[in-house]
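# Structural features, examined
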Amino acid sequence: MNIDDYSSVQPGSNYVCSWSWEPGVTNGHRIIFSADSGDLYALEVLFESDGVRVNLSDCLYKGRPANALLWLDCGFVAVIVDMADGMVLKFEEGFLKYKSSIQNIAPILDMCIVDYPDEKHDQLFACSGMASEGSLRIIRSGISVEKLLKTAPIYQGVTGTWTVKMKVSDPYHSFLVLSFVEETRVLSVGVNFSDVTESVGFQPDVCTLACGVVADGVMVQIHQRGVRLCLPVGSVHPEGIPFSSPICTSWFPDNMSISLGAVGHGMIVVATSSPCFLFILGIRCSLAYHYEVYQMYCVKLQNELSCISIPQKHLELSRFLTNYAANNSTPAFPSGNHVDNLFVIGTHRPSVEVVSFTVDKGLQVLAIGIISLTNTLGTTISGCVPEDVRLVLVDRLYVLSGLRNGMLLRFEWPSASTLSSTGSTGQQSVVGSSTINFHISSNLLSPNNEVPEIFKSNISGKTEGDLPVNLQLIAVRRIGITPVFLVSLSDSLDADMIALSDRPWLLQTARHSLSYTSISFQPSTHVTPVCSVECPRGILFVAENSLNLVEMVPSKRLNVQTFHLGGTPRKILYHNATRLLFIMRTELDNDSCSSDICCVDPLSGSVVSSFKFEPGETGKCMEFIKVGCEHVLVVGTSLSAGPAMMPSGEAESTKGRLLVLFLEYAQISDIGSVTQRNSPIGSYSADQLFNSSLCSSPDDNNYDGIKLEETEAWHLRLAYSTIVSGMVLAVCPYLDSYFLFSSGSTFSVCGFVNDNCQRMRKFASTRTRFTIMTLTSHFTRIAVGDCRDGVLFYSYHEDSKKLEQVYCDPVQRLVADCLLMDVDTAVVSDRKGSLVVLSCANHVEDNASPERNLTLSCSYYMGEIAMSMRKGSFSYKLPADDMLKDSDDATNNINSSRNCIMASTLLGSIIIFIPMTREEYELLEEVQARLVVDPLTAPILGNDHNEFRNRESRAGIRKILDGDILGQFLELTSMQQEAVLALPSGTPNVTVMSTLKPPMPVMVNQVVRLLERVHYALN
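Residues numbered from 1 in each chain as written. Predicted model: local features only at pLDDT ≥ 70, side-chain atom pairs only at ≥ 80, totals over all residues. Heavy atoms only, no water.

Here the focus is the overall build of the protein. Across its full length, the protein carries ten helices and 65 strands. Expressed as a percentage of the 1019 residues in the protein, the buried residues total 54%. Counted over contacts in the protein with a minimum sequence separation of 6, partners at least 24 positions apart contribute 56%. (Helix = DSSP H or I, 4+ residues; strand = E, 2+ residues; numbered from the N terminus. Buried < 20%, exposed > 50% of the residue type's maximum accessible area, 1.4 Å probe, protein only. Contact = heavy atoms within 4.5 Å.)

Printed below as a string of structure tokens:
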């Protein structure tokens, strides 16, 4: 059927590329189809008495051409798009409406891993998609959530969420409080969320700033005009008052508006702005069910407050501060060495301050942490005002603060040695700032009256240990681009937290420094824990105007974040010093150029700067190269249209260009002038580069992931370029003073004269028979991958300045990527979907023929083309194995983990290869031989697993074990596991082993423990 016959479709260019029939319809037949223009239509076939009639609808939805369509029940339609994200659509009012996306990260053309030793939250940056659908995908391991409930999108304008207990000791929450711009609603927590605002007593026509339970059965609502104390009725909670309506009383500040507040047990703290005051309020009971709020103290502030947090009273908290005062000769506590009330504040100074309130001596600043951050170039970072602050007690006491610029900070109390080393000078500055920062009046004075200072101290008379203590900034992380909110999962001081910025993170408080894991949930504006009988570990997210009740589950999954780039991303590099991604794009929809290199902020996805190639020029490769103590970006391009090689594999007669770029930092001053500095890419020491990853180790002290200021700009500038014969398809560093590049079938060893990036020199060149696709090096070894002869090993002799081929691939292969694990071992992926490990022996090198003298160690047929491979670091051990760190097995595991391989394919797969000992391999080989024939674990379509994985492989070569098959063993019951291991082994792989060797006894516990180690590390 030709759809061009209908007038509603443009004739001449539309054809059907996919279709699907409507399911479950008996009295009619409808089909939905996609035209190559991306338009979706519905076709209805009617069988009538006078014949068949066909009705064609108007365009129902316009998007990208669909490779496949699936019409589901309830009017849903799944649209699968080639090399782009798909969609879920639904029929509504006669048209198709977009509901959600179907993620598709294929093809992955290149990737880079932010993966350093002891990394706790690795990230993978992938180049995905083609042309206008090209995108940057940030892939990280995340915590899975089970979605329990989602409401309709009727909650627009939510400004805050809290869950409140009726009594402090209650195990479950009783109420959910939702604050809107001009409204507050209180919902009961249970199977259903019902509105109980009137029965609780909260004022419904105001925006709630904070709320909580101040005493058993007594709830407090803080809003802009005052503080409202409520006693809910018994109809909404068994512990409520026995009346038909709640009892309420209020407190109001004199002619001021409240800006923020917090509620703790027995204490309420509120702050105002313009003028800036801090009020300490208490409650007292005059008659049964009759409470009143009264002002205990009023504090005048020099700096406006940005957040307040009141921790739960805890015996260990008082004990810690008492011991700290005794050990450091600090008079930390008035009134008998105990703290009646403690709270933490954030100020616009900016700073975080720990304040105690005692009945006899009032307010006292115990500790203060000044927030003054600069980036790597010394520029002060803006937006460092605390948005949220929490006090944490896990083995030690520390303060967490989320800033408005998306950064997360951890402050700790200094040790005694630190206090003595700082001397009195550092203490004086802190005390001086606190002296003018706080003023106090008695509870009888009005805020407008004159108030005396809280501290009557002489700065010159201060000694070590005087208050306040100067908190040490231990760690800084940037986790987003929006303000960071900290939400504890329970009331205890050691509870884990959710750090909510532009996406949610689980913050593990028991870890040293800062350790956080991505939560597999969509970006949300608010979050609060919900603990009920039906859902004891619930978490409520506010996202897309809906309430989403979820529960975190022990398993993990991959989180993928997408930033569209407007072109095909071909190559990607992560630059430690600037914390930017360098991405080479092609097929740009741009009149001036079709290819460029752009610098992308990995957190916001914004393009900081770009370097445009000449018209008709296409980027092919790039790599960071060290020049002295600096780094530059060496780029290879093509100046010719068409393919790089002939069908025979020989290089076409083309032209290319080699470019040397470096970053130029420009700072825009207040008067508009621009100060430029010809800054190389990364003029930092090795240690600095090591410690500046976006997700650096939680044990370092660097300021990672710092946001670029609005007055800063990075620009790529050309330092050197030369035109060469042949497309430049590969570039790689070599040793410390050279780099390699290939053009056509020639590759050269080059360097920079006197470490001057504008003076490049070619030291040696050699030719291969076919076009060179990849170059890689490890120490003195050079591995060249071409499109016919496979991988060739070369050595460079510096004295004679000559290149010598020393080893050759034993078979012909079209190399997709090559990775040198050491000077003797190469991992190679080819364009037929195979991965092999090639090795050589050093002692044979002098006498070996350069023909076919590499040894095939092992192979694996993936069925997918791996275009990019990178080294990873995965230590497959259980937490209990930490006790065995001194054992040989633990050492072997840790050493081998550094040689893991991550491969990304054109079909969007990410495959991880992990080395293991010979004993582990032989054990799991026996298990795999039984799993592939057992009916419970054999391939579901009945295919021959051994035949598939042995494709493109020579007989007698060891095969890399299949983790998908082995992983099924952990899903079997104990009886099923024993039954599988009792099967005879019939795999051809076992014939590689010596026939004289007796069969290995396979124990269930031994297999389970080994597989659990791998499963724990990767999942």
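The subject of this paragraph is the nonpolar core. Ile371, Leu373, Val399, Leu409 and Trp413 are the most contacted members of the largest nonpolar core, which has 26 residues in total. Broken down by secondary-structure element, the contributors of at least two residues to this core are β25 (341-347), β26 (351-358), β27 (362-370), β28 (386-394), β29 (396-403) and β30 (407-412). With residues up to four places along the chain from it excluded, the contact list for Val399 reads Val344, Val352, Val354, Val389, Arg390, Leu391, Leu409, Arg410, Phe411, Trp413 and Leu471. Grouped together as the second largest cluster of nonpolar side chains are 23 residues, Val220, Ile241, Val270 and Cys298 included. (Core = buried A, V, L, I, M, F, W, Y, C linked by side-chain atoms within 4.5 Å.)

A word on the confidence of the model for the protein. Any region with low pLDDT has predicted coordinates that should not be read closely. This prediction gives the protein a mean pLDDT of 81; 79% of its residues lie at or above 70. Confidence drops under pLDDT 50 across residues 422-465; counting only partners more than four residues distant or on other chains, this segment forms 82 contacts. (pLDDT = per-residue confidence, 0-100.)

What follows concerns the sheet that holds strand β42 (residues 580-586). Here four strands make up an open sheet; going across it, the order is β41-β42-β43-β44 and the pairing antiparallel. The sheet is open, and its two edges are formed by β41 (568-575) and β44 (607-612), each paired on a single side. Strand-to-strand twist across the sheet, computed as the mean angle between neighbouring axes with direction ignored, equals 20°. For β42 and strand β43 (residues 596-600), the ladder comprises five bridges, and the chain directions are antiparallel. By the bridge assignment, Phe582 is partnered in β43 with Cys599. (Pairing = 2+ DSSP bridges. Axes fitted to C-alpha atoms, helices over the stretch in contact; angles between N-to-C directions.)

To continue, consider helix α9 (residues 974-981). The set of residues buried in α9 consists of Gln977, Val980 and Leu981. Seen end-on, α9 carries its buried residues on one side only, within an arc spanning 95°. (Arc of directions from axis to C-beta.)

With 14 residues, helix α6 (residues 918-931) should reach 20 Å at 1.5 Å per residue; the first-to-last C-alpha distance of 20 Å fits that figure. Of the positions making up α6, those classed as buried are Glu920, Tyr921, Glu922, Leu923, Leu924, Glu925, Glu926, Val927, Gln928, Ala929, Arg930 and Leu931. (Expected span 1.5 Å × (residues − 1).)

Per the stated rule, a full pass over the model turns up 20 aromatic pairs. Between Phe611 and Phe613 the ring centres are 6.0 Å apart and the planes differ by 80°, which places this aromatic pair in the edge-to-face class. In this structure, Phe611 and Phe613 share a single accessibility class: buried. Here Phe793 and Tyr807 contribute two aromatic rings whose centre-to-centre distance is 6.1 Å and whose plane-to-plane angle is 90°, an arrangement assigned as edge-to-face. Of the two residues, Phe793 sits in strand β56 (residues 791-797) while Tyr807 sits in strand β57 (residues 802-808), which places them 14 residues apart along the sequence. Both residues of the pair, Phe793 and Tyr807, count as buried. Grouping aromatic residues by their ring pairs yields a cluster made of Tyr734, Tyr738, Phe763 and Tyr796. Sitting over the face of the ring of Phe91, Arg30 holds its NZ or CZ atom 5.7 Å from the ring centroid. The ring of Tyr398 is capped by Arg410, whose NZ or CZ atom sits 3.5 Å from the centre of that ring. (Phe/Tyr/Trp six-rings, centres within 6.5 Å; stacked < 30°, edge-to-face > 60°. Lys NZ or Arg CZ within 6 Å of the ring centre and 35° of its normal.)

Before going further, it helps to examine the environment of Ser490. Turning to its location among the elements, Ser490 is positioned in the loop between β34 (485-488) and β35 (497-500). There is a polar contact of 3.1 Å between the side chain of Ser490 and the side chain of Ser492. (Polar contact = N/O pair within 3.5 Å; in protein donor to acceptor, adjacent residues only side chain to side chain.)

To continue, consider the pattern of salt bridges. This model, assessed by the stated rule, comprises 31 salt bridges. Residues Asp491 and Lys165 are paired through a salt bridge, measuring 3.3 Å at the closest nitrogen-oxygen approach. Of this pair, Asp491 sits in the loop between β34 and β35 while Lys165 sits in the loop between β13 (158-164) and β14 (175-180), placing them 326 residues apart in sequence. You can call Asp491 partly exposed: its relative accessible area is 42%. Its salt-bridge partner being Asp824, residue Arg781 comes within 4.0 Å of it at the nearest N-O pair. Of the two residues, Arg781 sits in strand β55 (residues 781-786) while Asp824 sits in the loop between β58 (815-822) and β59 (825-830), which places them 43 residues apart along the sequence. With relative accessibility at 17%, the residue Asp824 sits in the buried group. In this structure, a network of salt bridges that share partners links the residues Asp110, Asp817 and Arg870. (Salt bridge = Lys/Arg side-chain N within 4 Å of Asp/Glu carboxyl O.)

Okay, the sheet that holds strand β63 (residues 900-905) next. An order of β62-β63-β64 is seen for the three strands of this open sheet, with the pairing classed as antiparallel. Among the strands making up the open sheet, the edge pair consists of β62 (866-872) and β64 (910-913). With direction set aside, neighbouring strand axes in the sheet form an average angle of 20°. For β62 and β63, the ladder comprises six bridges, and the chain directions are antiparallel. Bridge pairing links Ala866 to Thr905 in β63.

This part covers the pairing of strand β22 (residues 277-287). Sheet analysis places strand β21 (residues 267-272) next to β22, joined by five bridges and oriented antiparallel. In the strand pairing of β22, Val270 is matched with Phe279. Where β21 folds back on β22, the antiparallel hairpin that results is connected by four residues, among which Ser274 adopts a positive phi of roughly 55°. Note that β22 and strand β23 (residues 290-301) share ten bridges and pair antiparallel. Counted as the bridge partner of Cys285 is Tyr291 from β23. The turn joining β22 and β23, which pair antiparallel and follow one another in sequence, is formed by two residues; a positive phi near 65° is taken by Tyr289.

On to unusual backbone geometry. Residue Pro275 is reached from Ser274 by a cis peptide bond, and omega for that bond is 0°. The residue Pro275 is located in the loop between β21 and β22 in this model. Here the amide bond leading from Arg349 into Pro350 is cis, since omega sits at 5°, within 30 degrees of zero. Inspection of the secondary structure puts Pro350 in the loop between β25 and β26.

Counted by the stated rule, this structure contains zero disulfides. Free of any disulfide, Cys732 has its nearest cysteine sulfur in Cys621, 10.0 Å distant. Note on Cys732: relative accessible area 5%, which makes it buried. (Disulfide = S-S within 2.5 Å.)

On the secondary structure map, Arg478 appears in strand β33 (residues 472-478). Taking relative accessible area as the criterion, Arg478 reaches 4% and is therefore assigned buried. Within the structure, Arg478 has its side chain in polar contact with the backbone oxygen of Gly480 (distance 3.4 Å).

In this structure, Met821 sits in strand β58. A C-alpha to C-alpha distance of 9.2 Å links Met821 and Ile901, two positions 80 residues apart in sequence. Each residue touching Met821, except ones within four places of it in the same chain, is listed here: His778, Val827, Lys871, Asn899, Cys900 and Ile901.

Here we come to the pairing of β59. Counting buried positions along β59 gives six out of six residues, so the element sits mostly inside the fold. Here β59 shows two buried faces, one formed by Thr825, Val827 and Ser829 and the other by Ala826, Val828 and Asp830. Here β58 pairs with β59 via six bridges, running antiparallel. Paired with Leu819 across the bridge in β59 is Val827. Remark: two residues form the turn of the hairpin made by β58 and β59, two consecutive strands paired antiparallel. Relative to strand β60 (residues 834-839), β59 runs antiparallel, the two sharing five bridges. Across the sheet, residue Val827 finds its bridge partner in β60, namely Val837. Hairpin geometry of β59 and β60 is characterised by an intervening segment of three residues between the two adjacent antiparallel strands and by a positive phi of about 95° at Gly833.

Attention now goes to the environment of Arg769. Relative to the assigned elements, Arg769 resides in the loop between β53 (760-767) and β54 (772-778). Arg769 sits in the exposed class, given a relative accessible area of 56%. Taking the C-alpha atoms as reference points, Arg769 and Ala651, separated by 118 residues in sequence, lie 9.0 Å from one another. Residues in contact with Arg769, not counting those within four places in the same chain, are Glu650, Asp789 and Gln812. There is a polar contact of 2.7 Å between the side chain of Arg769 and the side chain of Asp789.

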